[in-house]
Amino acid sequence: MSAYETIIGLEVHVQLNTKTKIFCSCATSFGAEPNKNVCPTCLGLPGALPVLNKEVVKKAISFGTAIGATINQNSVFARKNYFYPDLPKAYQISQFEIPIVGKGAIEILVNGEKKTIGVTRAHMEEDAGKNIHEGNHSKVDLNRACTPLLEIVSEPDMRSSDEAIAYLKKLHSIVRFLGISDANMQEGSFRCDANVSIRPKGDSKLYTRVEIKNLNSFKFIQKAIEYEVDRQIEAWEDGKYEQEVVQETRLFDTAKGTTRSMRGKEESADYRYFPDPDLLPVFIDEQLLAEGTKIPEMPDEKRTRYMQDFGIKESDAIVLTSELEMSLYFENMLRCGASAKGSVTWLTTELLGRLKGENTLQSCGVDSVMLATLVRRIDEGKISGKGAKEILDVLVDKKGGDVDALIESLGLAQVNDDGAILSAIDAVLSANPDKVAEYKGGKEKLFGFFVGQVMKSSKGANPARVNELLKEKLG
């Protein structure tokens, strides 16, 4: 494979979380009874006219702002003509020549190296319906028809499946931090078409690209790209590249881990784009532009702030800003009085390290208040790190609980009473006069022996306080 270079460009469809559809007032709710959320407009019935949803425009502007893209204040809707059973009008209302979002860029991090991936455009369009295949029958659910989409098209700047996944995860976090989509991949709110080709290293020519359609999990996207790269390289090596690698749309078989031909890939001319006669050109006035460009703090900005304000390492800051839920969890721990250092360790290492399989940060039952309380008790010296791990095990196993009650019931509270600790120290030193003499004579390694004996006799003394008081006693 070292003799070849992979060329990857991605088209991502993000379902925007508006309450109603892009051109009508039907609800966009997921999971409704089939064909319930439909009307003459999204069914494409004669005489029904589309009306643009203003919120879709605002969310598109927000995305463009987040990636530093050009916002086109004048854009046009076009009809993209093709026929599929789940497209009731036999054309899709999309944008072609003048999209709402122009060129932008997204920075990714792969194996410790930063790389900038160009974004060609992002345009508004309507979604199609959904085909449901049951045995020998196929059904069509048009609830999703006319749901607002933002199609985000990258430059062919990615050179490996790792880079493609890093780009997609970064894009996923951006739309989640913006709050413009739930980006639920299982429900189809964030899905990807991958355009893949290869070429000999050193060659600048772009060869035949193959589109892999409707991928909706990071795992399968990576597997599909890697399989397709191997397939194309094998065809090149066997001298069958021109016969076996043709411009087409392929599907990924998740069970077999292979791609298979779906249909020939159309060129843009085949769609016969022309301006939609039922929709006026989109003009974004200054007020709407100001509303759309007012966006929350983005992942990169949060990462920088965490590092500057809390002294967090970049690697930890990247983990904390990888998902919206993670960032919100961390920030709420701080609001609850936990230290930044303790919060990072107990969230990213201890808690996440205990979550397996389907158990996620959202479903584990250990909320930010519980974990913040645990960190505070460590910081206050009321519990040791070892004891805190025992409590966290219980919290994860029982899906939550009262931290202070567990400290009490498990007998894990540390002794912070100086009088009790001093009494234990006096007893240990009185019982070991020879070792005290050796220590004062220069055998400082015995200090560890004294600490161990005090901890053993005091049963739960705060180690830090034991060290401090013991040093004072031994003078």
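Draft legend 1. Spatial organisation of the nonpolar core. Among the nonpolar cores identified, the biggest contains 73 residues, and Phe63 and Tyr167 are the most heavily contacted of them. No other element matches helix α3 (residues 161-178), which puts 10 residues into this core. The residues touching Tyr167, leaving out its near neighbours within four places in the chain, are Leu10, Ile106, Ile108, Ile117, Val119, Ile152, Ser154 and Met158. Ala317, Leu320, Ala338 and Ile407 belong to the second largest nonpolar core, which has 32 residues in total.

Draft legend 2. Layout of the layout of surface pockets. Its boundaries defined by the atoms lining it, the second largest pocket holds a volume of some 1,300 Å³. Lys169, His172, Phe218, Ser322 and Glu323 are, among the 39 residues lining the second largest pocket, the residues nearest its centre. Those elements that place two or more of their residues in the lining of the second largest pocket are β5 (104-110), α3, α4 (218-237), α7 (299-310), α8 (314-320) and α9 (324-335). A per-element tally of the lining of the second largest pocket places α3 first, with eight residues. Residues belonging to the lining of the second largest pocket are distributed by class as follows: 16 nonpolar, 10 polar and 13 charged.

Draft legend 3. Structural context of the pairing of strand β3 (residues 78-81). The side-chain alternation of β3 yields two buried faces, one formed by Ala78 and Lys80 and the other by Arg79 and Asn81. Here β3 pairs with strand β4 (residues 91-94) via four bridges, running antiparallel. Directly across from Ala78, in β4, lies its bridge partner Ser94. Pairing of β3 with strand β14 (residues 274-275), which is carried by two bridges, proceeds in the antiparallel orientation. Looking at the pairing, Ala78 lines up with Pro275 of β14.

Draft legend 4. Representation of the pairing of strand β1 (residues 4-15) within the structure. Across the 12 residues of β1, 11 count as buried, placing the element largely inside the fold. The pairing of β1 with strand β10 (residues 190-200) spans 11 bridges and is antiparallel. Of the residues in β10, the one forming a bridge with Glu5 is Arg199. Two strands pair when backbone bridges link them, and β1 and strand β9 (residues 148-154) are joined in this way by five bridges, in the antiparallel orientation. Across the sheet, Val14 pairs through a bridge with Leu150, a residue of β9.

Draft legend 5. Structural detail: the packing of helix α2 (residues 54-66) against helix α6 (residues 286-293). Between α2 and α6, whose axes approach to 7 Å, the crossing angle comes to 60 degrees. With respect to each other, α2 and α6 are oriented oblique. The handedness of the crossing between α2 and α6 is right-handed. The segment α2 lies against α6, with Lys54, Val57, Lys58, Ile61, Ser62 and Thr65 engaging Leu288, Leu289, Glu291, Gly292 and Thr293.

Draft legend 6. The arrangement of the packing of aromatic side chains in detail. Per the counting criterion, the structure on display carries 13 aromatic pairs. Measuring from ring centre to ring centre gives 6.1 Å for Tyr4 and Trp236, while their planes differ by 70 degrees; the resulting arrangement is edge-to-face. In this pair, Tyr4 sits in strand β1 while Trp236 sits in helix α4, placing the two residues 232 residues apart along the sequence. For Tyr4, a relative accessible area of 12% translates into the label buried. Ring plane angle 65 degrees and centroid distance 5.8 Å describe the contact between Tyr82 and Tyr271, whose orientation is recorded as edge-to-face. Note that Tyr82 is positioned in the loop between β3 and β4 and Tyr271 in the loop between β13 (258-264) and β14, a separation of 189 residues in sequence. Here a set of aromatic residues connected by ring pairs shows up, and it is made of Tyr82, Tyr84, Phe96, Tyr271 and Tyr273.

Calculation rules
Residues numbered from 1 in each chain as written. Predicted model: local features only at pLDDT ≥ 70, side-chain atom pairs only at ≥ 80, totals over all residues. Heavy atoms only, no water. Core = buried A, V, L, I, M, F, W, Y, C linked by side-chain atoms within 4.5 Å. Buried < 20%, exposed > 50% of the residue type's maximum accessible area, 1.4 Å probe, protein only. Helix = DSSP H or I, 4+ residues; strand = E, 2+ residues; numbered from the N terminus. Contact = heavy atoms within 4.5 Å. 1 Å grid on protein atoms, 1.4 Å probe; cavity = no way out; pocket = protein on both sides within 12 Å on 5 of 7 lines; lining within 4 Å. Points joined across faces, edges and corners; volume = space filled by probe spheres on them. Nonpolar A, V, L, I, M, F, W, Y, C, P; charged D, E, K, R; others polar. Pairing = 2+ DSSP bridges. Axes fitted to C-alpha atoms, helices over the stretch in contact; angles between N-to-C directions. Parallel < 35°, antiparallel > 145°, perpendicular 65-115°, else oblique. Left-handed = near helix turned anticlockwise from the far one by under 90°. Phe/Tyr/Trp six-rings, centres within 6.5 Å; stacked < 30°, edge-to-face > 60°.

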